[in-house]
Amino acid sequence: AQTVTQSQPEMSVQEAETVTLSCTYDTSESNYYLFWYKQPPSRQMILVIRQEAYKQQNATENRFSVNFQKAAKSFSLKISDSQLGDTAMYFCAFMSFQGGSEKLVFGKGMKLTVNP
Amino acid sequence: DAGVIQSPRHEVTEMGQEVTLRCKPISGHDYLFWYRQTMMRGLELLIYFNNNVPIDDSGMPEDRFSAKMPNASFSTLKIQPSEPRDSAVYFCASRSRAGLNQPQHFGDGTRLSIL
């Protein structure tokens, strides 16, 4: 079974600084997809960024970028120029398709606080 | 475009009562997912549908839980009878058929409290 591990339960950063959130996963699949979701206090789950495992180039979305290390099964999220609105829970997620069924598996999440 | 719409946003009821959660997916999305989020277990997939047909219900915890999708624009998750341990936030999500790299879009969730 696939597992996703976010080892840091909580982090804080000063506004305008850069912060990196770590995520590792375990799978025997060769083709899969990775996502980072953000959950602010409003409870909504918002997609931050996604990465296809077959792509070597790391995904980037404005201030958000990933460091995808397939061999190490690592998928970290870097937030540059942190803003107060980045304060939220961040979830790393893994998706693959097996036996006619797809499954999106989430990590336990990490609470990020951006301080003014 | 409207996102995934869930109702109610909050539900408080006594144990033993029937609870029905509702979801309207994004128009044109063929896949619909139900998740449960708790502090202890995080986000767990309960069941998902493709073209209104249940594909994987292995995450449904017990027979007290049931889900239906009578048409492409509506799904329900029902708990009968409800128990205090069912208290959680329940999310509905939908996804386009275009490919697995298409992200799931989540609703705002229903916070369920069983007293």
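Coordinates for the structure precede this section.
Basis of the calculations
Residues numbered from 1 in each chain as written. Chains lettered and ligands numbered in written order. Predicted model: local features only at pLDDT ≥ 70, side-chain atom pairs only at ≥ 80, totals over all residues. Heavy atoms only, no water. Pairing = 2+ DSSP bridges. Helix = DSSP H or I, 4+ residues; strand = E, 2+ residues; numbered from the N terminus. Axes fitted to C-alpha atoms, helices over the stretch in contact; angles between N-to-C directions. Disulfide = S-S within 2.5 Å. Buried < 20%, exposed > 50% of the residue type's maximum accessible area, 1.4 Å probe, protein only.

Q: Mind showing me how you'd approach the sheet that holds strand E7 (residues 65-71) of chain B here?
A: Note: strands within a sheet are paired through backbone hydrogen bonds, in either parallel or antiparallel orientation. All names here are of chain B. The strand order across the open sheet formed by four strands is E1-E3-E8-E7, and the pairing between neighbours is antiparallel. Taken across any chain shown, the strands that pair with only one partner, and hence form the sheet edges, are strand E1 (5-7) and E7. Taking each pair of neighbouring strands and ignoring which way they run, the sheet shows an average axis angle of 15 degrees.

Q: What is the right way to look at the state of the cysteines in this model?
A: Chemically, a disulfide is nothing more than a covalent bond linking the sulfur atoms of two cysteines. In the structure shown here, the tally under the stated rule is two disulfides over all chains. In this model, Cys23 of chain A is linked to Cys92 of chain A through a disulfide, with the two sulfur atoms separated by 2.0 Å. One disulfide, between Cys23 of chain A and Cys92 of chain A, carries an S-S torsion of -70 degrees and so falls in the left-handed class. Of the two residues, Cys23 of chain A is situated in the loop between strand E3 (19-21) and strand E4 (24-26) and Cys92 of chain A in strand E10 (residues 88-98); the sequence distance between them amounts to 69 residues. There is a disulfide in this structure between Cys23 of chain B and Cys92 of chain B, and the S-S distance comes to 1.9 Å. One disulfide, between Cys23 of chain B and Cys92 of chain B, carries an S-S torsion of -70 degrees and so falls in the left-handed class. With Cys23 of chain B in strand E3 (residues 19-24) and Cys92 of chain B in strand E9 (residues 88-95), the pair connects residues that are 69 residues apart, well separated along the chain. With relative accessibility at 0%, the residue Cys92 of chain B sits in the buried group.

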